[in-house]
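Architecture at a glance
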Amino acid sequence: MKLERQVALVTGGSRSIGRAVALAFAREGAAVAVNYVSHAEEAESAVREIEKQGRRALAVRADASQRAQVQAMVDEVTTRLGPIDILVNNAGVQKRVFFLELDEADWDWMLGVNLKGYFLVGQAVAARMKARGRGKIINVSSEAAGFPAPRMTAYCVSKAGVAMLTKCMALELAPYGIRVNALAPGLTRTDINRKDLEDDTFLKARLTRIPLGRVMAPEDLVGAAIFLASADSDMMTGMTLQVDGGRGIT
Ligand code: NAP
(Lines give C-alpha, C1' and ligand atoms only; values in the text may rest on other atoms or scores of the structure.)
Protein backbone atom coordinates (compact mmCIF):
# COMPACT_ATOMS: atom_id res chain seq x y z
CA MET A 1 0.00 0.00 0.00
CA LYS A 2 1.27 3.44 -0.96
CA LEU A 3 -0.54 5.75 1.47
CA GLU A 4 -0.39 3.95 4.79
CA ARG A 5 -0.76 6.17 7.90
CA GLN A 6 -1.53 9.19 5.69
CA VAL A 7 -4.46 11.55 6.20
CA ALA A 8 -6.09 12.91 3.04
CA LEU A 9 -8.68 15.61 2.46
CA VAL A 10 -10.58 15.39 -0.83
CA THR A 11 -12.75 18.39 -1.63
CA GLY A 12 -15.87 17.41 -3.53
CA GLY A 13 -15.27 13.83 -2.42
CA SER A 14 -18.96 13.01 -2.20
CA ARG A 15 -19.49 12.17 -5.87
CA SER A 16 -17.86 11.24 -9.18
CA ILE A 17 -14.08 11.86 -9.55
CA GLY A 18 -13.51 13.01 -5.96
CA ARG A 19 -15.36 10.03 -4.58
CA ALA A 20 -13.37 7.55 -6.72
CA VAL A 21 -10.12 9.18 -5.55
CA ALA A 22 -11.22 9.14 -1.88
CA LEU A 23 -12.06 5.41 -2.06
CA ALA A 24 -8.81 4.64 -3.88
CA PHE A 25 -6.73 6.50 -1.27
CA ALA A 26 -8.46 4.47 1.44
CA ARG A 27 -7.61 1.24 -0.42
CA GLU A 28 -3.99 2.44 -0.33
CA GLY A 29 -4.19 2.79 3.46
CA ALA A 30 -5.12 6.46 4.02
CA ALA A 31 -7.68 7.93 6.39
CA VAL A 32 -9.87 10.21 4.28
CA ALA A 33 -11.95 13.31 4.89
CA VAL A 34 -14.72 13.59 2.32
CA ASN A 35 -15.75 17.20 1.75
CA TYR A 36 -19.12 18.10 0.24
CA VAL A 37 -21.32 21.16 0.00
CA SER A 38 -24.86 19.92 -0.60
CA HIS A 39 -24.99 16.11 -1.04
CA ALA A 40 -24.63 14.96 2.57
CA GLU A 41 -26.04 11.48 1.95
CA GLU A 42 -23.52 10.80 -0.86
CA ALA A 43 -20.68 11.97 1.39
CA GLU A 44 -21.90 9.75 4.24
CA SER A 45 -22.14 6.76 1.90
CA ALA A 46 -18.54 7.36 0.73
CA VAL A 47 -17.53 7.43 4.40
CA ARG A 48 -19.32 4.12 5.04
CA GLU A 49 -17.50 2.53 2.06
CA ILE A 50 -14.15 3.76 3.35
CA GLU A 51 -14.89 2.48 6.86
CA LYS A 52 -15.82 -0.91 5.39
CA GLN A 53 -12.22 -1.05 4.14
CA GLY A 54 -11.07 -0.61 7.73
CA ARG A 55 -9.94 3.01 7.32
CA ARG A 56 -10.97 6.08 9.27
CA ALA A 57 -13.14 8.58 7.42
CA LEU A 58 -15.10 11.75 7.98
CA ALA A 59 -17.73 13.63 5.97
CA VAL A 60 -17.20 17.35 6.32
CA ARG A 61 -19.48 20.03 4.90
CA ALA A 62 -17.89 23.26 3.64
CA ASP A 63 -18.35 25.54 0.68
CA ALA A 64 -14.78 25.51 -0.66
CA SER A 65 -15.15 29.09 -1.91
CA GLN A 66 -15.81 30.51 1.58
CA ARG A 67 -12.76 31.18 3.74
CA ALA A 68 -14.42 30.76 7.16
CA GLN A 69 -15.97 27.44 6.16
CA VAL A 70 -12.67 26.25 4.71
CA GLN A 71 -10.79 27.10 7.91
CA ALA A 72 -13.42 25.31 10.03
CA MET A 73 -13.18 22.25 7.75
CA VAL A 74 -9.39 22.07 7.98
CA ASP A 75 -9.56 22.46 11.78
CA GLU A 76 -12.18 19.71 12.06
CA VAL A 77 -10.29 17.26 9.83
CA THR A 78 -7.05 17.88 11.74
CA THR A 79 -8.74 17.40 15.11
CA ARG A 80 -10.65 14.28 14.16
CA LEU A 81 -8.33 12.46 11.73
CA GLY A 82 -4.94 14.09 12.38
CA PRO A 83 -2.66 16.43 10.40
CA ILE A 84 -3.42 16.45 6.68
CA ASP A 85 -0.68 14.82 4.57
CA ILE A 86 -2.51 14.93 1.23
CA LEU A 87 -4.92 17.51 -0.14
CA VAL A 88 -6.89 16.95 -3.32
CA ASN A 89 -8.45 20.20 -4.50
CA ASN A 90 -11.18 18.68 -6.65
CA ALA A 91 -14.47 20.48 -5.93
CA GLY A 92 -15.65 21.96 -9.18
CA VAL A 93 -18.67 23.41 -10.94
CA GLN A 94 -19.50 24.00 -14.58
CA LYS A 95 -22.30 25.66 -16.49
CA ARG A 96 -22.37 26.05 -20.27
CA VAL A 97 -23.21 29.63 -21.23
CA PHE A 98 -22.44 31.66 -24.36
CA PHE A 99 -19.87 34.35 -23.68
CA LEU A 100 -22.29 37.19 -24.44
CA GLU A 101 -24.85 35.69 -22.03
CA LEU A 102 -22.40 34.87 -19.24
CA ASP A 103 -23.53 36.92 -16.26
CA GLU A 104 -21.44 38.11 -13.37
CA ALA A 105 -23.03 35.69 -10.91
CA ASP A 106 -22.11 32.62 -12.99
CA TRP A 107 -18.59 33.99 -13.60
CA ASP A 108 -18.12 34.57 -9.85
CA TRP A 109 -19.56 31.15 -9.02
CA MET A 110 -17.29 29.18 -11.38
CA LEU A 111 -14.15 31.21 -10.62
CA GLY A 112 -15.07 31.15 -6.92
CA VAL A 113 -15.32 27.37 -6.56
CA ASN A 114 -12.87 26.24 -9.25
CA LEU A 115 -10.04 28.72 -8.66
CA LYS A 116 -10.47 30.79 -5.50
CA GLY A 117 -11.56 27.65 -3.66
CA TYR A 118 -8.29 25.91 -4.58
CA PHE A 119 -6.38 28.93 -3.30
CA LEU A 120 -8.33 29.06 -0.03
CA VAL A 121 -8.16 25.35 0.77
CA GLY A 122 -4.58 25.14 -0.51
CA GLN A 123 -3.47 28.01 1.69
CA ALA A 124 -5.24 26.74 4.82
CA VAL A 125 -3.80 23.23 4.43
CA ALA A 126 -0.32 24.30 3.28
CA ALA A 127 0.10 26.54 6.33
CA ARG A 128 -0.18 23.43 8.51
CA MET A 129 1.93 21.28 6.18
CA LYS A 130 4.68 23.91 6.37
CA ALA A 131 5.02 23.37 10.10
CA ARG A 132 5.57 19.63 9.49
CA GLY A 133 7.95 20.12 6.55
CA ARG A 134 6.04 17.92 4.11
CA GLY A 135 2.83 17.45 2.19
CA LYS A 136 1.28 16.64 -1.16
CA ILE A 137 -1.27 18.84 -2.89
CA ILE A 138 -3.08 17.76 -6.03
CA ASN A 139 -5.10 20.37 -7.89
CA VAL A 140 -7.62 18.79 -10.23
CA SER A 141 -7.40 20.84 -13.40
CA SER A 142 -8.87 19.87 -16.77
CA GLU A 143 -8.01 19.47 -20.43
CA ALA A 144 -10.06 22.70 -20.63
CA ALA A 145 -7.06 24.54 -19.17
CA GLY A 146 -5.41 24.33 -22.59
CA PHE A 147 -8.32 24.00 -25.02
CA PRO A 148 -10.98 26.69 -25.34
CA ALA A 149 -14.44 25.16 -25.66
CA PRO A 150 -17.68 26.81 -26.74
CA ARG A 151 -19.90 28.15 -23.93
CA MET A 152 -17.18 27.37 -21.40
CA THR A 153 -15.34 30.68 -20.93
CA ALA A 154 -15.54 30.89 -17.15
CA TYR A 155 -14.77 27.20 -16.69
CA CYS A 156 -11.79 27.23 -19.11
CA VAL A 157 -10.39 30.39 -17.49
CA SER A 158 -10.74 28.87 -14.04
CA LYS A 159 -8.84 25.74 -15.10
CA ALA A 160 -6.11 27.72 -16.88
CA GLY A 161 -5.80 29.61 -13.59
CA VAL A 162 -5.41 26.32 -11.71
CA ALA A 163 -2.41 25.44 -13.91
CA MET A 164 -0.62 28.68 -12.96
CA LEU A 165 -1.78 28.49 -9.33
CA THR A 166 -0.21 25.02 -9.21
CA LYS A 167 3.15 26.32 -10.49
CA CYS A 168 3.18 29.32 -8.12
CA MET A 169 2.23 27.20 -5.10
CA ALA A 170 4.86 24.61 -6.06
CA LEU A 171 7.58 27.25 -6.32
CA GLU A 172 6.85 28.90 -2.98
CA LEU A 173 6.07 25.75 -1.03
CA ALA A 174 9.02 23.63 -2.24
CA PRO A 175 11.33 24.89 0.55
CA TYR A 176 8.89 23.38 3.05
CA GLY A 177 8.82 19.96 1.41
CA ILE A 178 5.34 20.49 0.00
CA ARG A 179 4.81 19.13 -3.50
CA VAL A 180 2.04 20.66 -5.60
CA ASN A 181 0.97 19.13 -8.89
CA ALA A 182 -2.11 19.22 -11.07
CA LEU A 183 -4.08 16.32 -12.45
CA ALA A 184 -5.88 17.23 -15.67
CA PRO A 185 -8.63 14.82 -16.64
CA GLY A 186 -10.08 14.57 -20.10
CA LEU A 187 -13.77 13.94 -20.66
CA THR A 188 -14.99 11.78 -17.79
CA ARG A 189 -18.54 10.54 -17.35
CA THR A 190 -19.80 12.19 -14.15
CA ASP A 191 -22.70 14.24 -12.83
CA ILE A 192 -21.09 17.44 -14.11
CA ASN A 193 -21.63 16.48 -17.78
CA ARG A 194 -24.32 13.76 -17.62
CA LYS A 195 -26.75 15.84 -19.71
CA ASP A 196 -24.11 16.76 -22.34
CA LEU A 197 -23.22 13.10 -22.77
CA GLU A 198 -26.86 12.16 -23.39
CA ASP A 199 -26.64 14.30 -26.55
CA ASP A 200 -25.40 11.99 -29.33
CA THR A 201 -24.10 14.83 -31.50
CA PHE A 202 -22.03 16.20 -28.60
CA LEU A 203 -20.71 12.75 -27.74
CA LYS A 204 -19.74 11.85 -31.32
CA ALA A 205 -17.96 15.19 -31.81
CA ARG A 206 -16.01 14.74 -28.59
CA LEU A 207 -15.04 11.15 -29.39
CA THR A 208 -13.39 12.26 -32.64
CA ARG A 209 -10.92 14.16 -30.45
CA ILE A 210 -10.10 11.28 -28.09
CA PRO A 211 -7.54 8.99 -29.78
CA LEU A 212 -8.12 6.19 -27.27
CA GLY A 213 -11.74 6.25 -28.32
CA ARG A 214 -13.83 6.42 -25.15
CA VAL A 215 -15.08 8.69 -22.44
CA MET A 216 -13.26 7.97 -19.19
CA ALA A 217 -14.75 6.75 -15.92
CA PRO A 218 -13.69 8.36 -12.61
CA GLU A 219 -11.74 5.18 -11.84
CA ASP A 220 -9.47 5.88 -14.85
CA LEU A 221 -8.00 8.77 -12.85
CA VAL A 222 -7.19 7.06 -9.58
CA GLY A 223 -3.82 5.59 -10.62
CA ALA A 224 -2.49 9.05 -11.45
CA ALA A 225 -3.95 10.49 -8.25
CA ILE A 226 -2.26 7.80 -6.15
CA PHE A 227 1.02 8.44 -7.96
CA LEU A 228 0.84 12.19 -7.24
CA ALA A 229 -0.10 11.56 -3.60
CA SER A 230 2.60 8.98 -2.93
CA ALA A 231 6.37 9.00 -2.49
CA ASP A 232 6.64 7.78 -6.12
CA SER A 233 6.28 11.40 -7.26
CA ASP A 234 8.53 12.98 -4.61
CA MET A 235 10.80 14.67 -7.17
CA MET A 236 7.92 16.13 -9.12
CA THR A 237 6.36 19.51 -8.38
CA GLY A 238 4.57 22.23 -10.32
CA MET A 239 3.63 19.82 -13.10
CA THR A 240 0.35 18.91 -14.71
CA LEU A 241 -0.30 15.25 -15.34
CA GLN A 242 -2.83 14.98 -18.15
CA VAL A 243 -4.96 11.83 -18.20
CA ASP A 244 -7.19 12.35 -21.20
CA GLY A 245 -7.21 9.40 -23.59
CA GLY A 246 -4.82 11.30 -25.83
CA ARG A 247 -6.90 14.47 -26.21
CA GLY A 248 -3.77 16.54 -25.57
CA ILE A 249 -2.13 15.38 -28.83
CA THR A 250 -5.07 16.12 -31.12
P1 NAP B 1 -19.32 16.45 -10.18
O2 NAP B 1 -19.73 15.09 -10.56
O3 NAP B 1 -20.27 17.57 -10.50
O4 NAP B 1 -18.96 16.52 -8.63
C5 NAP B 1 -18.61 17.77 -8.10
C6 NAP B 1 -18.15 17.64 -6.67
O7 NAP B 1 -17.75 18.95 -6.22
C8 NAP B 1 -19.26 17.17 -5.73
O9 NAP B 1 -18.68 16.35 -4.76
C10 NAP B 1 -19.75 18.47 -5.12
O11 NAP B 1 -20.27 18.33 -3.79
C12 NAP B 1 -18.45 19.27 -5.03
N13 NAP B 1 -18.68 20.72 -4.96
C14 NAP B 1 -19.29 21.53 -5.85
N15 NAP B 1 -19.28 22.80 -5.40
C16 NAP B 1 -18.65 22.80 -4.19
C17 NAP B 1 -18.32 23.78 -3.24
N18 NAP B 1 -18.67 25.07 -3.42
N19 NAP B 1 -17.66 23.42 -2.12
C20 NAP B 1 -17.32 22.12 -1.92
N21 NAP B 1 -17.62 21.13 -2.78
C22 NAP B 1 -18.27 21.46 -3.91
O23 NAP B 1 -17.92 16.83 -10.90
P24 NAP B 1 -16.70 15.92 -11.42
O25 NAP B 1 -16.90 15.68 -12.86
O26 NAP B 1 -16.44 14.78 -10.49
O27 NAP B 1 -15.52 16.99 -11.30
C28 NAP B 1 -14.54 16.93 -10.28
C29 NAP B 1 -13.38 17.81 -10.72
O30 NAP B 1 -12.84 17.29 -11.94
C31 NAP B 1 -13.78 19.26 -11.01
O32 NAP B 1 -12.77 20.13 -10.58
C33 NAP B 1 -13.91 19.27 -12.52
O34 NAP B 1 -13.73 20.55 -13.04
C35 NAP B 1 -12.78 18.33 -12.90
N36 NAP B 1 -12.91 17.76 -14.24
C37 NAP B 1 -13.97 17.00 -14.60
C38 NAP B 1 -14.03 16.49 -15.89
C39 NAP B 1 -15.18 15.65 -16.37
O40 NAP B 1 -15.25 15.39 -17.59
N41 NAP B 1 -16.06 15.18 -15.51
C42 NAP B 1 -12.99 16.75 -16.80
C43 NAP B 1 -11.93 17.54 -16.39
C44 NAP B 1 -11.89 18.03 -15.11
P45 NAP B 1 -21.83 17.91 -3.52
O46 NAP B 1 -21.89 16.43 -3.80
O47 NAP B 1 -22.09 18.22 -2.10
O48 NAP B 1 -22.65 18.70 -4.49
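Just so we're clear, the structure is a prediction, and the values are computed from it rather than from any experiment.

1. Let's talk about the overall build of the protein
A count of helical and extended segments in the protein gives eight helices and seven strands. Against the globule reference of 18 Å for 250 residues, the protein gives a C-alpha radius of gyration of 17 Å, in line with a compact fold. Its C-alpha atoms put the protein at 50 × 35 × 35 Å along the principal axes. Residue burial in the protein is summarised as follows: out of 250 residues, 54% are buried. For the protein, the share of sequence-separated contacts (at least 6 apart) that also reach a separation of at least 24 residues comes to 74%.

2. Examining the pattern of salt bridges
Under the definition given, this model contains 14 salt bridges. Two residues, D75 and R128, come together in a salt bridge whose shortest N-O distance is 2.4 Å. Residue D75 is found in helix α3 (residues 67-81), and its partner R128 is found in helix α4 (residues 104-132); the two are separated by 53 residues along the sequence. You can call D75 partly exposed: its relative accessible area is 30%. Residue class for R128 comes out partly exposed when judged on its relative accessible area of 35%.

3. Here's the deal with the packing of aromatic side chains
As enumerated under the stated definition, the model contains zero aromatic pairs in all. One residue, R247, lies across the ring of F147, its end atom 3.8 Å from the ring centre.

4. Looking at the nonpolar core
One finds L9, F25, V32, V77 and I137 to be the most contacted residues of the largest nonpolar core, which totals 78 residues. Broken down by element, this core gets its largest block of residues, 10 residues, from α4. Residues L187, F202, L203 and I210 belong to the second largest nonpolar core, which totals six residues.

5. A short note on the sheet that holds strand β6 (residues 178-185)
Strand pairing in a sheet takes place through backbone hydrogen bonds and is either antiparallel or parallel in direction. Taken in spatial order, the seven strands of this open sheet run β3-β2-β1-β4-β5-β6-β7, and their pairing is parallel. The open sheet has two free edges, formed respectively by β3 (57-61) and β7 (240-243), since each of these has just one partner strand. On average, adjacent strands in this sheet sit at an angle of 20 degrees to one another, irrespective of strand direction. Note that strand β1 (residues 7-10) and strand β2 (residues 31-36) share four bridges and pair parallel. Residue L9 lies in a different strand from β2, and its bridge partner there is A33.

6. Brief notes about the environment of A64
With respect to the secondary-structure elements, A64 resides in the loop between β3 and α3. The exposure class of A64 is buried, given its relative accessible area of 8%. The residues contacting A64, other than those within four sequence positions of it, are V70, A91, G117, L120 and V121.

7. Here we look at the site of the ligand
Neighbouring the ligand are 32 residues, the closest being S14, S16, S38, Y155 and T190. Taking S16, its side chain carries an N or O atom lying 2.5 Å from an oxygen atom of the ligand. Calculation on the ligand without its partners gives an accessible area of 920 Å², and the protein chains cover 95% of this total. If you list the elements that add at least two residues to the shell around the ligand, you get α1 (16-27), β2, α4 and α5 (153-173). Partitioning the shell around the ligand into residue classes produces 14 nonpolar, 14 polar and four charged.

8. Overview of the pairing of β2
Summarising burial for β2: six of the six residues are buried, a large majority. Neither face of β2 is open: one carries A31, A33 and N35, the other V32, V34 and Y36, and all of them are buried. Crossover β1 to β2 through α1 is right-handed. Pairing geometry for β2 and β3, over five bridges, is parallel. Bridged to Y36 within β3 is R61. Each parallel crossover has a hand, and the one from β2 via helix α2 (residues 40-52) to β3 is right-handed.

Calculation rules
Residues numbered from 1 in each chain as written. Predicted model: local features only at pLDDT ≥ 70, side-chain atom pairs only at ≥ 80, totals over all residues. Heavy atoms only, no water. Helix = DSSP H or I, 4+ residues; strand = E, 2+ residues; numbered from the N terminus. Rg over C-alpha atoms; globule rule 2.2 N^0.38 Å. Buried < 20%, exposed > 50% of the residue type's maximum accessible area, 1.4 Å probe, protein only. Contact = heavy atoms within 4.5 Å. Salt bridge = Lys/Arg side-chain N within 4 Å of Asp/Glu carboxyl O. Phe/Tyr/Trp six-rings, centres within 6.5 Å; stacked < 30°, edge-to-face > 60°. Lys NZ or Arg CZ within 6 Å of the ring centre and 35° of its normal. Core = buried A, V, L, I, M, F, W, Y, C linked by side-chain atoms within 4.5 Å. Pairing = 2+ DSSP bridges. Axes fitted to C-alpha atoms, helices over the stretch in contact; angles between N-to-C directions. Near = heavy atom within 4 Å. Polar contact = N/O pair within 3.5 Å; in protein donor to acceptor, adjacent residues only side chain to side chain. Areas by Shrake-Rupley, 256 points an atom, 1.4 Å probe, with all protein chains shown as cover. Nonpolar A, V, L, I, M, F, W, Y, C, P; charged D, E, K, R; others polar. Right-handed = clockwise from strand over helix to strand, strands pointing away.

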